[in-house]
Every structure is written in C-alpha cells, then in structure tokens.
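# Close look at the chain arrangement
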Amino acid sequence: MPTDHKESTFYLETLGCPKNQVDSEKIAHYLRDTMTEVDNPAAADLVVVNTCAFIESARQESINTILSLAEKKQEGAKLVVSGCLAERYGEELAENLPEVDLVAGFNVAVNLSISPKKRFLRSADLPQQTSVTSLDLLELPRSRPDTPWAYIKAAEGCDRNCGFCAIPSFRGKQRSRSLESILEEVTAVGSHELVLVAQDLASYGKDVSGSSDIVNLYRTLSAMVPWVRLLYLYPTSISEELILEMANGAVPYFDLSLQHASRSLLQKMRRSGHAKYYLSLIDKVRQINPEAAFRSSFVIGYPGETEEDHDILLDFLEEAQLDWAGFFAYSKEEGTYAYSLPDETDPELALVRIRETQALQDEITFRKRKELIGSTQKVLVDEKGWGRSFREAPEIDGKIALPNTLPVGDFVDIRIVDSTGTDLTGIPL
Ligand code: SF4
C-alpha cells in the first residue's frame with residue numbers, strides 16, 4: 001500500500017535472514033525520503049531485490065526472484081539487486097542478467113544516491129566521498145516497524161573462520177556499531193522487544209576495544225526496553241557475566257550457535273567447544289534459572305562426519321533437552337576452508353541424518369511445549385490473536401494463540417491451556 005504521495009514509486013523484496021531484513025528496513029526508510037513505497041512490483045518505478053547467498057538453495061531462490069520481478073516490472077522501471085548475492089557474485093550477475101539495471105552490493109543506498117555509471121558496484125568500489133559514511137547501511141536510520149518488536153543489528157561481518165562459512169569472505173571483518181548509534185536506533189523504533197543480531201553477537205565491540213562489550217550493551221538496553229533478546233551467541237565466547245545477566249534477566253533465552261557436538265568434527269569445522277563443554281554451559285544456566293530456554297542450529301554432513309560424530313550429536317540432543325533446534329545440510333561453498341576438504345558426506349546420508357536429528361528434536365520440543373500447559377506466562381501480543389513469551393523468538397520459534405481482543409503491543413499474563421506441536425494456546429488471567 002502506498003505510504004506517501006511522492007511522484008516516483010519503489011518496491012522492495014527481501015530474502016534471507018533477519019540481518020537482511022534490518023538492511024531492507026533501512027533501504028526502505030532511505031528511499032521513502034523521495035519515493036512512495038508500493039506493494040506491487042508492476043506499479044513501481046524502482047524494484048529492489050535484497051538477496052541472500054548463504055547456501056545454494058538460497059542463491060537459487062534469489063535468482064528466481066530476480067527473474068520473476070524482471071518479468072513483472074513495468075517497462076522503463078529500474079531493477080536493482082542488492083544484498084549478499086550482489087556482493088558475492090556481483091560481476092557474474094551483472095554479466096549474465098541483462099534484465100538487471102544495477103547490481104549494488106550492501107551499500108545500495110550509496111549506489112542509488114550516485115549516478116550508476118557502472119552496472120556493478122561492490123562496497124569497496126564506492127567513491128570515498130563524505131556522504132558515503134552517512135549512507136553506510138549499518139548506520140542508516142529506519143522507520144518504526146509495524147510489530148511491537150524490532151531486530152537491531154549490533155555489528156556487521158565476522159572475525160572467525162568457521163570451515164563451512166563464506167560470510168566473512170563477503171561481509172568482511174567484524175565492524176561493531178557504537179553504543180550511541182544503537183541507542184539512537186532503539187529510541188527511533190520505540191519497540192517493546194529488541195532482537196539483537198550480528199554474525200557473532202557475543203564478540204560485539206571486540207574489534208573496537210579488544211574485548212567484548214556485549215554485557216554493557218545488554219545492560220544498557222535492558223534498562224530502556226522490557227525485553228532484550230540476543231541471537232547467535234558463539235558458545236565459547238559467552239562469559240560468566242553474560243550468563244548471569246541473561247539468566248536473571250527478563251528474557252532468559254539462549255540462542256547458542258553450536259553447529260555440532262562432536263569435538264573432532266568441530267575441530268575440522270575450525271570451531272571451539274564440544275558436547276561436554278556445551279552441556280556444562282547449559283547446566284550452569286539452568287542452575288541459575290531452571291526456566292531458561294535454549295535454541296541452537298547444527299550443520300549436518302560436513303566433510304569427514306562419521307557415524308560416531310552423528311551418534312555424539314544424537315546423544316547430546318537427548319541430554320541437552322533444547323527447546324528449539326534447526327538442522328541444516330552442509331553446503332559446499334566457494335571461498336571456504338571446507339571447500340577442498342576430502343571425505344565429503346554423501347548428500348543422501350546427510351538427509352537421513354537430518355531426518356533422524358529432526359525427529360528426535362521434534363519429540364523433545366513437542367514434549368517441552370506440552371509441559372507448559374497449566375503454567376502462567378507473560379506474553380507480548382505480537383499481532384491480533386497471537387503472542388509470544390520469552391521462550392519464543394519472533395519468526396523463528398512457535399507462537400501462542402490468544403483471544404483476538406487483546407491489544408497488540410501489550411504485555412499480558414496468561415495461562416497456557418493447550419499445545420499443538422510447536423504452538424500453544426493461552427487465556428488471559
Ligand atoms: S559461522 Fe563462524 S565464520 Fe560464519 S558468521 Fe558464524 S561465527 Fe562467523
């Protein structure tokens with residue numbers, strides 16, 4: 001729906017993860033200054049696709065979306081491709097997709113602000129003019145979201161070298177935002193819940209001062225906003241201080257980025273930690289707060305993954321009793337350490353293993369959800385008829401069905417009366 005009455009119009013489509021969504025909100029806010037947003041690509045003068053390039057299937061989806069928007073757009077309208085695919089495969093895209101007018105990488109706002117003489121501009125190619133810094137996507141302002149919660153990106157890039165991950169190769173080294181800049185955005189969005197994201201959130205600030213400043217950031221934000229949720233915590237970077245703050249805080253939700261449980265496979269992944277360490281971390285949190293919720297994600301089928309590694313993961317899942325977990329098939333990515341590793345896992349076998357881990361985790365998740373029946377929970381009403389407690393991250397975990405009459409944005413105490421798979425039903429007390 002048009003949000004304003006300016007002469008030219010734009011349409012923005014976003015693919016991929018929450019981090020990309022934040023970028024899109026900033027691009028949209030920037031464009032709304034001079035253009036009107038529309039929800040139909042056929043009615044837009046400018047069509048922007050913010051792409052994802054995480055794994056092969058995401059890349060394929062991005063390309064399909066570009067091609068389908070190229071067909072839908074009206075004659076004369078410009079088609080701009082931004083985001084990870086543009087940054088990672090910009091030159092190839094510009095060469096092979098004549099229907100695209102500009103391939104603009106992450107700093108799409110800068111690209112759109114200067115006359116695009118080249119069809120492909122990587123962030124590093126941008127002119128060093130003063131306005132460039134003020135148009136840095138990470139620092140651009142954004143509008144108030146429609147939801148009572150908002151993703152906030154605390155940093156961009158990553159200083160680690162996990163064997164399977166191409167992100168550092170195109171997102172670059174970690175670049176943390178200043179506390180002031182984050183606070184400014186938090187004030188602008190005015191949300192009741194902040195969902196902090198970064199590639200390696202526990203290392204927030206390390207690139208600036210040499211040590212992590214995540215505890216200070218968490219404390220500062222928790223004093224301003226009722227719920228602060230941290231996503232993507234590298235397990236061996238979580239300090240005792242952070243555990244204490246989070247376990248005693250309003251959102252004792254630990255999204256641990258574990259990736260596997262077998263020590264030898266984790267070493268091959270060039271990651272630290274192992275099942276025993278992770279279990280003791282989880283136990284430490286539960287001793288402080290037995291109600292704490294845990295989420296993690298795992299890569300299955302990494303080169304050299306043995307039956308024994310897989311059994312270690314199954315045992316770990318059984319013992320850890322995580323609330324939520326996602327399992328992803330290893331994807332061979334150019335520019336990664338694992339790309340040239342021998343002993344590739346047969347993709348069929350990887351799928352069998354995923355099904356096995358998923359079935360076990362579903363059983364655990366569904367049982368844990370059922371156990372909540374009869375309990376009292378504080379929920380944030382997200383939309384008409386739906387809410388979440390601290391246990392459910394928006395767009396990722398289950399939800400709680402509520403009466404339609406509860407006002408969106410309110411915190412309400414409810415009793416859980418039913419569960420269906422991952423979702424619950426609650427009635428106000
Ligand atoms: S998987 Fe590893 S390298 Fe990739 S973004 Fe996460 S911490 Fe960084």
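The rules behind the values
- Residues numbered from 1 in each chain as written.
- Predicted model: local features only at pLDDT ≥ 70, side-chain atom pairs only at ≥ 80, totals over all residues.
- Helix = DSSP H or I, 4+ residues; strand = E, 2+ residues; numbered from the N terminus.
- Rg over C-alpha atoms; globule rule 2.2 N^0.38 Å.
- Buried ≥ 20, exposed ≤ 12 C-beta atoms within 10 Å, placed from the backbone.
- Contact = placed C-beta atoms within 7 Å.
- Near = placed C-beta within 6 Å.
- Nonpolar A, V, L, I, M, F, W, Y, C, P; charged D, E, K, R; others polar.
- Domains from an automatic or database assignment.
- Core = buried A, V, L, I, M, F, W, Y, C linked by C-beta atoms within 7 Å.

Moving on to the overall build of the protein chain. The helix and strand inventory of the protein chain stands at 14 helices and 18 strands. The C-alpha radius of gyration computed for the protein chain amounts to 22 Å, which stays within 12% of the reference 22 Å derived for 429 residues, consistent with globular compactness. With the principal axes as the frame, the protein chain shows a C-alpha extent of 60 × 55 × 45 Å. Of all 429 residues assigned to the protein chain, the portion counted as buried reaches 45%.

Right, let's talk about the environment of Leu233 for a bit. Inspection of the secondary structure assignment puts Leu233 in the loop between β10 (227-230) and α10 (240-247). Ignoring anything within four residues of it in the chain, the contact list for Leu233 reads Leu201, Ala202, Ile238, Phe254, Asp255, Leu256 and Ser257.

We now examine the site of the ligand. Surveying the vicinity of the ligand reveals the residues Cys158, Arg160, Cys162, Cys165, Ile167, Pro168, Gln199, Asp200 and Tyr234. Partitioned by chemical class, the residues of the shell around the ligand number 6 nonpolar, 1 polar and 2 charged.

Next up on the list: the domain arrangement of the protein chain. Domain boundaries in the protein chain define domain 1 (9-134), domain 2 (149-370) and domain 3 (376-428). Put simply, the middle of domain 2 and the middle of domain 3, counted by C-alpha atoms, are 24 Å apart. Tallying the contact residues gives 21 residues for domain 2 and 13 residues for domain 3. Those elements that provide at least two residues to the side of domain 2 that touches domain 3 are β9 (193-197), β10, β11 (253-259), β12 (293-300) and α14 (347-370). The biggest single contributor to the side of domain 2 that touches domain 3 is α14, with 4 residues. Across the side of domain 2 that touches domain 3, the residue classes tally to 12 nonpolar, 2 polar and 7 charged.

With that settled, the discussion passes to the nonpolar core. Formed by 109 residues in total, the largest nonpolar core has its most connected members in Val81, Ala154, Val195, Leu196 and Leu201. With sequence-adjacent residues up to four places away left out, Val81 is seen in contact with Val49, Thr51, Ile66, Ala86, Leu93, Val100, Val103 and Ala104.

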